[in-house]
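Chain and residue survey
The chain contents come next:
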There are 2 protein chains.
Amino acid sequence: MKTVSELGERALIERITARLSFPPWVIVGPGDDAAVLAPERGSLEVLTTDAQVEAVHFDRRFVPPDAIGHRALAVNLSDLAAMGARPRAALLSLVLPDAMEADAIDGMLDGLLALAAAHRVSLVGGNISRSPGPLVIDVTAIGAVGPRRVLTRAGARPGDDVYVTGTIGDGLAGLKSLQSKVGVRRAEARYLRPEPRVRAGMLLGRNRAATACVDLSDGLADGVRRLAEASHVGILLDGEALPIPEDVREWHLAQGRDPVMAALAGGDDYELLFTSPKRFAGRMRSARSSLGDLPITRIGVVTKGHRVSVSAGGRERDVPEGFQHFT
Amino acid sequence: MKTVSELGERALIERITARLSFPPWVIVGPGDDAAVLAPERGSLEVLTTDAQVEAVHFDRRFVPPDAIGHRALAVNLSDLAAMGARPRAALLSLVLPDAMEADAIDGMLDGLLALAAAHRVSLVGGNISRSPGPLVIDVTAIGAVGPRRVLTRAGARPGDDVYVTGTIGDGLAGLKSLQSKVGVRRAEARYLRPEPRVRAGMLLGRNRAATACVDLSDGLADGVRRLAEASHVGILLDGEALPIPEDVREWHLAQGRDPVMAALAGGDDYELLFTSPKRFAGRMRSARSSLGDLPITRIGVVTKGHRVSVSAGGRERDVPEGFQHFT
């Protein structure tokens, strides 16, 4: 099997572009100086970029190439989902170690392109560079959203209910299980191939059920704090309502950890946290029924002031500061 | 002076966003899950991404932080220019070594934001990650172009003249001078802070003077080959017409190198190579006069067939394969 350094940049690019196909709104795809897209009429453009860095965001010893590719796109689609946007296109910037094998590149593309196809995202351009160090996959995702459908972090009002999609805790439990076999086996798949809540975000934006929304890539504590800060409100979470899977809860207890505090601190869940006032109950019902079996759980309430706290076992505690890179 | 690891991700992001301001078409800027932009009415979106990697694209021992930031944006604006696009916005993805000092980040932003301001580009979002290895700066640039104003590499026809903006050779000569003091001092500034030909690209697209265009980031040989390939034509360059600065020419001769072959092989010039048929002489005159003192030099002609060659000293030679990463 050839390494990227033996193949060379052009052969690598051809290997990738040969797999792509494009809808008519891609006026110029890969292979020119830049991509050219026809915008969606009447929509705003939504743009986000997020890099996955080897040994920081993933460990190649237990994250297979297709999961690296899947995750690199998923984290970006999750950001678009949190804005209520429909994803359209992506750019892929690869920074590759010389010794990486072409097989591994193909595997990354398998994962990335499968997720892209599932969400009708076109890979319209990118760039390949050498890395004297770690593998870096930097994806830019481009979406569209109607002018009055944008979800931001800033619209929550006191009295709104706080909801979360899916479940909380599989990201951390899956990672630990892969790292040291002490987590929850079932959760490994969710860590490796998180499902961005694209449809939920779009529905909540379109039927205007949500007043504010954020994704939970850096954990529940971080998401709750960011939403509260942007909206200039407080939030009181009901720790007992958090949708923590039963096996994850038991694992934390067996390790002597409080499952609620662990769920707040964990990350890599890629669920959406959003707020909705009681008077939007009809819109919420309609969003729920469109989303089928994706759980949507009420986990708290927006309050006046700025306190971000969680109640559990009759006690109210401050939500810890979220995860930060570099600290 | 604090390092990035001491400052932490949030403080770093605040340090950057505090310096930004936004035009009204930036609906949501940095600080939410994604940026939201109002598209330019009647225009197509143009998107490109390019990473600058430490020890591959630049050497921190002689490239100061502001030049790193300038170059990271310049290479992307050069790609937009080659499409005839007007740059509007950029996303910045930083992958930072723990020990990097906040001063150096500020310096990079100085360079990037000064160039952004000169071209009215808004930094609308981004991402900061840790690097266990080199510094990586990945920029995505977003531009707009009228539907019938797009320049691609694919429109050259036999008989078209081949032109280049500016001069060729300062990128390589400046790099060598910085590396080992054997290049051309004057050229160092052009290597460190290349001026992307944004205005030239826009003018050539708007008045439809050019039939095809490519930027020369990977060197003249690469650019000529790519344009010929995309247009399914050959190109015959006139080696004696290449706009090589006199001091660069003398330096190559003193080193025993053929200045023409050196100019073809070099890189980092960020000029535009484009084609224009003789019947567009009026449009070319008008573009030239709008561009003031930017030289535009005829350096060859588009031919039938597929040969890409250069004539000099009465001899015709094949243009060498352009630079490739990984080889």
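Refer to the structure presented above.
The text that follows walks through the structure, step by step, so that each part is easy to find.

Here we come to the sheet that holds strand 9 (residues 234-238) of chain B. Strand pairing within a sheet occurs via backbone hydrogen bonds; the two strands may be parallel or antiparallel. All names here are of chain B. With respect to topology, seven strands assemble into an open sheet ordered 8-10-7-11-9-12-13, the strand pairing being mixed. The open sheet terminates on both sides in strands that have one partner only, identified here as strand 8 (212-215) and strand 13 (315-318). Taken pair by pair, the neighbouring strands of this sheet meet at an average axis angle of 25°, ignoring direction. Relative to strand 10 (residues 272-276), strand 8 is paired through four bridges, and the arrangement is antiparallel. Residue pairing for strand 10: aspartate 215 is matched across the bridge by leucine 272. Of the strands in this sheet, strand 7 (161-165), strand 8 and strand 10 touch helix 7 (residues 198-206), which is tilted by about 20° from strand 10.

Attention shifts here to the packing of helix 3 (residues 65-82) of chain B against helix 4 (residues 102-118) of chain B. Residues and elements named next belong to chain B. Taken N-terminus to C-terminus, the directions of helix 3 and helix 4 make an angle of 40°; their axes are 6 Å apart at the nearest point. The angle between helix 3 and helix 4 falls in the class oblique. Regarding helix 3 and helix 4, the two cross each other, and that crossing is right-handed. For the pair helix 3 and helix 4, contact is made by Pro65, Asp66, Ala67, Ile68, Gly69, His70, Ala72, Leu73 and Ala74 and by Ala104, Gly107, Met108, Leu109, Asp110, Gly111, Leu112, Leu115 and Ala116, respectively. In terms of residue class, the contact of helix 3 with helix 4 is made up of twelve nonpolar, four polar and two charged.

Side chains of a nonpolar character, in soluble globular proteins, are inclined to be buried together. In terms of nonpolar packing, the biggest core is built from 220 residues, with Ala90(A) and Ala90(B) touching the most fellow members. If we ignore the near neighbours within four places in the chain, the residues touching Ala90(A) are Leu73(A), Asn76(A), Ala116(A), Val121(A), Leu123(A), Val139(A), Thr140(A), Ala141(A) and Ile142(A).

What follows deals with the relation of the copies chain A and chain B. Overlaying chain A on chain B yields an RMSD of 0.0 Å, the required transformation being a rotation through 180° with an accompanying axial translation of 0.0 Å. On the angle and the small slide along the axis, the relation comes out as a two-fold axis. Across chain A, the rotation axis passes nearest the C-alpha of Gly133(A), at a separation of 2.5 Å.

This next bit is on the interface of chain A and chain B. Facing 61 residues of chain A, the contacting portion of chain B comprises 61 residues. Take the side of chain A that touches chain B: its biggest share by element is nine residues, from strand 3 (residues 44-53) of chain A. For the side of chain A that touches chain B, the per-class residue count stands at 33 nonpolar, 16 polar and twelve charged. Here three bridges tie strand 2 (residues 35-37) of chain A to strand 3 (residues 44-53) of chain B, and the two strands are oriented antiparallel to one another. Residue pairing in the sheet places Val36(A) in a bridge with Val46(B) of strand 3 of chain B.

Moving on, we come to the environment of Glu321(A). Take Glu321(A): it is sitting in the segment after strand 13 (315-318). For the pair Glu321(A) and Ala265(A), spaced 56 residues apart in the sequence, the C-alpha separation amounts to 8.2 Å.

Residue and element names in this part refer to chain A. For alanine 55, which is not glycine, the phi dihedral falls at a positive 75°. For alanine 55, the position within the fold is in the loop between strand 3 and helix 3 (65-82). For alanine 55, a count of 14 C-beta atoms within 10 Å translates into the label partly exposed. Residue histidine 232 is not a glycine yet carries a positive backbone phi of 55°.

Conventions adopted
Residues numbered from 1 in each chain as written. Chains lettered and ligands numbered in written order. Predicted model: local features only at pLDDT ≥ 70, side-chain atom pairs only at ≥ 80, totals over all residues. Pairing = 2+ DSSP bridges. Helix = DSSP H or I, 4+ residues; strand = E, 2+ residues; numbered from the N terminus. Axes fitted to C-alpha atoms, helices over the stretch in contact; angles between N-to-C directions. Contact = placed C-beta atoms within 7 Å. Parallel < 35°, antiparallel > 145°, perpendicular 65-115°, else oblique. Left-handed = near helix turned anticlockwise from the far one by under 90°. Nonpolar A, V, L, I, M, F, W, Y, C, P; charged D, E, K, R; others polar. Core = buried A, V, L, I, M, F, W, Y, C linked by C-beta atoms within 7 Å. Buried ≥ 20, exposed ≤ 12 C-beta atoms within 10 Å, placed from the backbone. Least-squares fit on C-alpha atoms with pLDDT ≥ 70 in both.

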